[in-house]
Amino acid sequence: MSTESEPLKPLRTWSHLAGRRRRPSEYEIVSTNLMYDAKNAESPFELGPNIPLSKWFKKYRHGSPLSGRDWEEFRDPDELTYRAYNILQDGQETYIEGLFDQHNELQYDAGLTAAWVATLPRLYTPARYAYHTVQMASHYLVQIVPSSTIRNCATYQAADALRCVSHRAYRTAELKQIYPDSGFGTAERTAWENDTAWQGFRELMEKVLVAYDWGESFVALNLVAKPAMDEALLRQLAATGRRQGDSLLGLIADSEYRDVQRSRTWSTALVRFAGERPENLVVIRGWVEQWLPLAERAIDAYCRALPDSPQAATTATQAVHGFLQSLDLH
Amino acid sequence: MALLDRADWYDIARDTNWTPKYVTEDALFPEEQSGTLGLPLEVWESYDEPYKVTYREYVRTQREKDAGVYSVKAALQRANFLDQAEPGWVSILKLHYGAFATLEAMASSAESRMARFGKAGGLRNMATFGSLDENRHGQIQLYFPHEHVHRSRQFDWATKSMHTNEWAVVAARHLFDDIMAGRDAVGVALMLTFAFETGFSNLQFLGLAADAAQAGDISFSNLASSIQTDEARHAQIGGPAVKILIANGKKAEAQRLVDIAIWRAWTLFATVTGPSMDYYTPLDRREKSFKEFMQEWVFGQFERTLLDIGLERPWYWDTMLADLDTRHHGMHAGIWTFHKSVWWDVPPGISRAERAWLEEKYPGWEETWGAHFWDPIIARFLKDGPVDTVLPSMVQLCNMAQVPITGTPGWTPGKTGRPLQDFPLEHEGRLYHFGSEVDRWIFQQDPDRYKDHLSVADRMVAGMIQPPTLEGLLDYFSLQEGEWGEDALGHSWLEEYRQEQVQAA
């Protein structure tokens, strides 16, 4: 019986970290072992096994074919904490604010070509819908992943997506001031819902959003759909923009791409962590093969619409393939 | 000015609803996650959050807030405040971190449910910040207590608690799973953000911040009030959702969810915050009584908020008002009696001076709680010596609140308080027990949601706690010597009464 044993003595860290040899980092102290509902596969919540969300979590979290690992042992390679995230992103946003300020001061938008101004409300500003779907899908991961260390990564990724939405909203309003009749602030929803350039990403993301198995949701979003979107909407659009005389768009995208790299860093780590059980790699490869064609079609539809960019689709697709190959998934 | 104002572009950033084509709206927003009561996307597009913040503003403000809170902590860390702090205050810290840190981290998942399954763009953006906020609150409330783990194993419960079946943890989890982790997005908006955070969380954070400042714990006071600035923002997610439900014929449903959440929040606060404020906080550091905080913030401010938004007072408002004189005194008495069942040392808080304060704040306390609960214990302890906690003849636990069913000892008609009373209900052949008609009413609103749960008392009866002894129960609670609670004063408080006895003789 516990009462017959020696009284417990104070430790130097949390009991769940105390058995390790090294001192825990701040990241480990504040991020690990926090998800109590992931422990009980039969009844995730204290209310009992049969409430609607208990069934949901039993099916989509505990029932996932991605399994067999102690997910609380996963670590974000960047060891990102909340306070570090804000320091990082406040710096990035100060930079973006500086870009906005300087370019506005120089009446940058007035110097854009008419053809490019006509392209932006079709191919750039509607991307707030696309990134909002990434925001939503990342939030699904926050609630469905099986550990607090994965949850943290998804939380910051969701916020990064709102950052992308915000930049596009800001630019929409700014461009509208100079070009009130070009569709800025009015044409985006129609473009997202009807323009052929967007239907690939719209179909992809609507389907990603209903991929409720936690493992499939992670693979579809973080390994396939988001990389496809980032390569097309950040990289290739920015390259086209530079050739069309719009360097600001690329400068913003470069800053956003830093967030992309952070997402790929933890996604890579999670694939490797999951893959220590070989069956998981088979499952992940299966999902990648299932989702990749939709993503390739989305890249193709979007990039084909980019003016004077015949290589854009190929370049973007190769970049996605390259990322997957780095994970031995393609 | 070369930068746009927030108002120039804010609406665009939240104009993000679209009509799904490749999947159905119901597949994209399934009812069990979304909870929109059949109201379609376009109805939610009028959602207008009163507190507006952008991503850029958020990361700047939050960086500044953290810089302030963490630097005060760093500056004061060497002062080792806790080594000189009064025992009651140390108990409050252990209780607070163990009860809230992990749950706050969990709340980020609930915020994310709104950010994914809410049907309004503004709601989804605000919940994105809410999710970040709760990520902060989990992390900062682990970072702060971690410096104390070498002082007592009880501080380990900041991360350990929610992984156990300790009774107060079961009660907290049952509540928060009901209004947060196990609720759909609209439920979370109404129950967690509107009812719990608007109505109650300032009690824990501002009330405790005030007491902490009085107690000289500047670090904790700073922490609690900084957390409350986030709560005050994301608590406003629920209000506009309530308005949309009311405007679309769903007032009764909204009222029901809010009524359930307010009562459930009350029973938790009476268990945790009431004893902290009225029995643990050193007497000369008490800002106000728990009842006064409740009267000001819940029966004053929050009641106005409820009415302003178009809801009614909960039907049980008078019952709750009367409960202010009873429930938390009973919780404290029970927790002190069975102090081994919690992860903090429990101060009795009944010196003569403290009793005079209790009588002043709760007229009639002496002739009920004083004369019928504490005096007999004191007499027994003086006669036979203090005895350690014994397993109470298994008290009846409420099948909703998961806490003991209590009444006012020595109560007679006309006196303040209420009698000890069970409110039973037979449902599908099982007999359930409730501590109030409100708890029973909540069960009746959705029996399928609650009927399968077993209280700790039910588990004992069902043979799930073995052996069915004090040791077996403590083992089930994951409490061992070194972490279970003791009398926080080591019974030294008895000396005052011993002196009285000597003088009387």
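Everything numeric in this text was worked out from a predicted model, so none of it was measured.

Within chain A, the secondary structure is distributed over 12 helices and zero strands. Element order for chain A, N to C, with α for helix and β for strand: α-α-α-α-α-α-α-α-α-α-α-α. The C-alpha radius of gyration computed for chain A amounts to 22 Å, which stays within 12% of the reference 20 Å derived for 330 residues, consistent with globular compactness. Each principal axis of the C-alpha distribution contributes one length, and for chain A these read about 85 × 40 × 40 Å. Counting every position in chain A, which comprises 330 residues, the buried fraction comes to 64%. A total of about 11800 Å² of accessible surface is found on chain A, and carbon and sulfur atoms cover 51% of it. Here chain A carries 36 positive and 42 negative side-chain charges, and the mean point of each set is 4 Å from the other.

All names here are of chain A. Along its sequence, chain A is carved into domain 1 (2-62) and domain 2 (71-326). Taken together, the contact pairs 17 residues of domain 1 with 23 residues of domain 2. At the boundary of domain 1 with domain 2, total buried surface from both sides reaches about 1700 Å², with 51% on carbon and sulfur atoms. Three residues stand out in domain 1 for area buried against domain 2, namely Tyr27, Met35 and Tyr60, and they jointly supply 40% of the buried area on that side. For the pair domain 1 and domain 2, the interface holds three salt bridges.

Let us look at the interface of chain A and chain B. Of the residues lining the interface, 89 residues belong to chain A; the matching set on chain B comes to 93 residues. Summed over both partners, the interface of chain A with chain B buries about 8500 Å², with 61% contributed by carbon and sulfur atoms. Connecting chain A to chain B are eight salt bridges. One salt bridge in this structure joins Arg63 of chain B and Asp90 of chain A, with 2.5 Å as the shortest N-O distance. Put simply, the parts of the chain that give the side of chain A that touches chain B at least two residues each are helix H1 (26-31), helix H2 (52-62), helix H3 (82-105), helix H5 (127-144), helix H6 (148-178), helix H7 (188-194) and helix H8 (196-209) of chain A. Of the residues belonging to the side of chain A that touches chain B, the class tally is 41 nonpolar, 25 polar and 23 charged.

A few words now on the environment of Thr368 of chain B. All names here are of chain B. If you trace the backbone, Thr368 turns up in helix H20 (residues 365-384). Expressed as a C-alpha distance, the spacing of Thr368 and Gln499, which sit 131 residues apart in the sequence, is 23 Å. Not counting residues within four places of it along the chain, the set of residues in contact with Thr368 comprises Phe373, Thr408, Pro409, Lys415 and Thr416.

Residues and elements named next belong to chain B. On inspection of all chains with the given rule, the structure shows 68 salt bridges over all chains. Across the pair Glu360 and Lys361 runs a salt bridge, and its minimum N-O distance is 4.0 Å. Residue class for Glu360 comes out exposed when judged on its relative accessible area of 55%. Because the salt bridges share partners, they merge into one network encompassing Lys65, Asp66, Asp133, Arg136, Asp230 and Arg233.

This brings us to the nonpolar core. In this structure, Phe201 and Leu223 of chain A together with Leu190 and Met320 of chain B are the most contacted members of the largest nonpolar core, which totals 288 residues. Counting the residues that make up this core, at least three belong to each of domain 1 (2-62) and domain 2 (71-326) of chain A. Not counting residues within four places of it along the chain, the set of residues in contact with Phe201 of chain A comprises Trp192, Ala228, Met229, Ala232, Leu233, Ala298, Ile299 and Tyr302 of chain A.

What follows covers the side chain of Ser91 of chain B. Residue and element names in this part refer to chain B. Residue position: Ser91 is located in helix H7 (residues 87-117). A residue is classified by how much of its surface remains accessible, and Ser91, at 1% relative accessible area, is buried. Setting aside anything within four residues of it in sequence, one finds Ser91 in contact with Tyr280, Trp344, Asp345, Pro347 and Ala488.

Residues and elements named next belong to chain B. In the contact formed by H7 and helix H15 (residues 251-280), the axes pass within 10 Å of each other and the chain directions differ by 170°. By the angle class used here, H7 and H15 are roughly antiparallel. On the side of H7, the interface is formed by Gly88, Trp89, Ser91, Ile92, Leu95 and Phe100, while H15 contributes Val272, Ser276 and Tyr280. Grouping the constituent residues of the contact of H7 with H15 by class yields six nonpolar, three polar and no charged.

On to the environment of Phe290 of chain B. Residues and elements named next belong to chain B. For Phe290, the position within the fold is in helix H16 (residues 290-309). In this structure the C-alpha to C-alpha distance between Phe290 and Thr193, which are 97 residues apart in sequence, comes to 22 Å. Setting aside residues up to four positions removed in sequence, Phe290 forms contacts with Leu203, Trp266, Phe269, Ala270, Thr273, Gly274, Met277, Asp278, His328 and Tyr362.

The omega torsion of the bond from Gln466 of chain B to Pro467 of chain B falls at -15°, within 30 degrees of zero and hence cis. As for its position among the elements, Pro467 of chain B is in the loop between helix H23 (456-461) and helix H24 (470-476). Not every positive phi belongs to a glycine, and Asp328 of chain A is a case in point at roughly 60°. Turning to its location among the elements, Asp328 of chain A is positioned in the segment after helix H12 (312-326).

The subject of this paragraph is helix H5 (residues 55-77) of chain B. Here H5 of chain B is 23 residues long and its end C-alpha atoms lie 32 Å apart, about the 33 Å a rise of 1.5 Å per residue gives. All of the buried residues in H5 of chain B are Tyr55, Arg56, Tyr58, Val59, Gln62, Lys65, Asp66, Val69, Tyr70 and Lys73 of chain B. Tucked into the core, H5 of chain B has its buried residues touching H1, H3 and H6 of chain A together with helix H8 (121-146) and helix H13 (218-234) of chain B.

Bringing the packing of helix H11 (residues 185-199) of chain B against H16 of chain B into the picture now. Residues and elements named next belong to chain B. Remark: H11 packs on H16, axes separated minimally by 10 Å, with the N-to-C direction vectors making an angle of 150°. The angle between H11 and H16 falls in the class roughly antiparallel. Here Phe194, Ala195, Thr198 and Gly199 of H11 come into contact with H16, specifically with Trp297, Val298, Phe302, Thr305, Leu306 and Ile309. Residue composition of the contact of H11 with H16, by class: seven nonpolar, three polar and no charged.

Turning to the layout of surface pockets, a few remarks are in order. Estimated volume of the second largest pocket: approximately 490 Å³. Considering the residues around the second largest pocket, the lining is formed by 18 residues, among which Arg12, Thr13, Arg23 and Ile29 of chain A together with His146 of chain B are closest to the centre. Grouping the amino acids of the lining of the second largest pocket by side-chain chemistry returns seven nonpolar, four polar and seven charged.

Now for the packing of aromatic side chains. This model, assessed by the stated rule, comprises 48 aromatic pairs over all chains. Seen from their ring centres, Trp369 of chain B and Phe373 of chain B are 6.4 Å apart, and the 65° between their planes marks the pair as edge-to-face. One end of the pair is Trp369 of chain B and the other is Phe373 of chain B, both in helix H20 and four residues apart, which spans about a single turn. For the pair formed by Trp369 of chain B and Phe373 of chain B, the shared burial category is buried. Among the aromatic residues, those joined into a cluster by ring pairs are Trp336, Trp369, Phe373, Trp374, Phe381, Trp493 and Tyr497 of chain B. Positioned above the aromatic ring of Tyr70 of chain B, the side-chain terminus of Arg83 of chain A is 3.8 Å from the ring centre. Here the guanidinium or amino end of Lys73 of chain B rests over the ring plane of Phe144 of chain B, the centre of that ring lying 5.5 Å away.

The rules behind each value
- Residues numbered from 1 in each chain as written.
- Chains lettered and ligands numbered in written order.
- Predicted model: local features only at pLDDT ≥ 70, side-chain atom pairs only at ≥ 80, totals over all residues.
- Heavy atoms only, no water.
- Helix = DSSP H or I, 4+ residues; strand = E, 2+ residues; numbered from the N terminus.
- Rg over C-alpha atoms; globule rule 2.2 N^0.38 Å.
- Buried < 20%, exposed > 50% of the residue type's maximum accessible area, 1.4 Å probe, protein only.
- Areas by Shrake-Rupley, 256 points an atom, 1.4 Å probe, with all protein chains shown as cover.
- Lys, Arg positive; Asp, Glu negative; His and termini not counted.
- Charge placed at Lys NZ, Arg CZ, Asp CG, Glu CD.
- Domains from an automatic or database assignment.
- Contact = heavy atoms within 4.5 Å.
- Buried area = accessible area lost by both parts, 1.4 Å probe.
- Salt bridge = Lys/Arg side-chain N within 4 Å of Asp/Glu carboxyl O.
- Nonpolar A, V, L, I, M, F, W, Y, C, P; charged D, E, K, R; others polar.
- Core = buried A, V, L, I, M, F, W, Y, C linked by side-chain atoms within 4.5 Å.
- Axes fitted to C-alpha atoms, helices over the stretch in contact; angles between N-to-C directions.
- Parallel < 35°, antiparallel > 145°, perpendicular 65-115°, else oblique.
- Expected span 1.5 Å × (residues − 1).
- 1 Å grid on protein atoms, 1.4 Å probe; cavity = no way out; pocket = protein on both sides within 12 Å on 5 of 7 lines; lining within 4 Å.
- Points joined across faces, edges and corners; volume = space filled by probe spheres on them.
- Phe/Tyr/Trp six-rings, centres within 6.5 Å; stacked < 30°, edge-to-face > 60°.
- Lys NZ or Arg CZ within 6 Å of the ring centre and 35° of its normal.

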